[in-house]
Amino acid sequence: GQSLEQPSEVTAVEGAIVQINCTYQTSGFYGLSWYQQHDGGAPTFLSYNGLDGLEETGRFSSFLSRSDSYGYLLLQELQMKDSASYFCAVRRTGGFKTIFGAGTRLFVKA
Amino acid sequence: DTEVTQTPKHLVMGMTNKKSLKCEQHMGHRAMYWYKQKAKKPPELMFVYSYEKLSINESVPSRFSPECPNSSLLNLHLHALQPEDSALYLCASSQVLANGNTIYFGEGSWLTVV
């Protein structure tokens, strides 16, 4: 089977750094993506790791280690607007099926 | 602002009604998707079209009927739905690349079946 596991909830304070982990059990995928979804909104793309290593996009960074079947999303200088759900996702090779993790709900406190 | 446009944003329909959800994108993407999302759950893939041909049907009940009239449009025809079909229906698109993994979602259509 194929699955991605993430923590269900994370709480952090404004200005802090938070890391959301994603471990997966899947064979044959192109890379690991991260999506953000605010309540009542649609998922929006944040970051993609096609290769092992760190990708940085502003306050957000993402990391992938295929040998460890592990990735994470790092959010720095947290702001209240970062309160949202975050999903890791992989697209299986040879097709279009993208599998999403269950999502991590991030609460940012003042 | 999302470049994938969905209409209507909200839809309430009875179990005997026939309605359609519409989606449009002008990013030149040749892969288009329908996802269903329940509250506090991840998006769940329903259908994928690639080059206007149905590529994936995730064993979706026949009361959901997708249609891809051209490379920019995607419809989801609804008939005889059940209350448990109430959910957020997300249209999405992406490039058809071997390693492309960025999916662009529309704002979704909130469907309530009464």
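Structure: above.
Everything numeric in this text was worked out from a predicted model, so none of it was measured. (Residues numbered from 1 in each chain as written. Chains lettered and ligands numbered in written order. Predicted model: local features only at pLDDT ≥ 70, side-chain atom pairs only at ≥ 80, totals over all residues. Heavy atoms only, no water.)

(A) Region of interest: the state of the cysteines. Residue and element names in this part refer to chain A. Applying the stated criterion across every chain yields a total of two disulfides over all chains. Here C22 is linked by a disulfide to C88, with a sulfur-sulfur distance of 2.1 Å. Here the disulfide of C22 and C88 is right-handed, its torsion about the S-S bond being about 75 degrees. With C22 in strand β3 (residues 18–25) and C88 in strand β9 (residues 84–92), this residue pair connects regions lying 66 residues apart in the sequence. (Disulfide = S-S within 2.5 Å. Helix = DSSP H or I, 4+ residues; strand = E, 2+ residues; numbered from the N terminus.)

(B) Just the nonpolar core, in detail. Grouped together as the largest cluster of nonpolar side chains are 23 residues, with contacts concentrated most on A:L4, A:L32, A:W34, A:L75, A:Y86 and A:L106. Contributing elements (two or more residues each) for this core: β2 (9–13), β3, β4 (29–37), β7 (60–65), β8 (70–75), β9 and β11 (104–109) of chain A. The residues contacting A:L75, other than those within four sequence positions of it, are A:A16, A:I17, A:V18, A:I20, A:R59, A:F60, A:D82, A:Y86 and A:L106. Residues B:V4, B:Y49, B:F64 and B:L76 belong to the second largest nonpolar core, which totals 22 residues. (Core = buried A, V, L, I, M, F, W, Y, C linked by side-chain atoms within 4.5 Å. Buried < 20%, exposed > 50% of the residue type's maximum accessible area, 1.4 Å probe, protein only. Contact = heavy atoms within 4.5 Å.)

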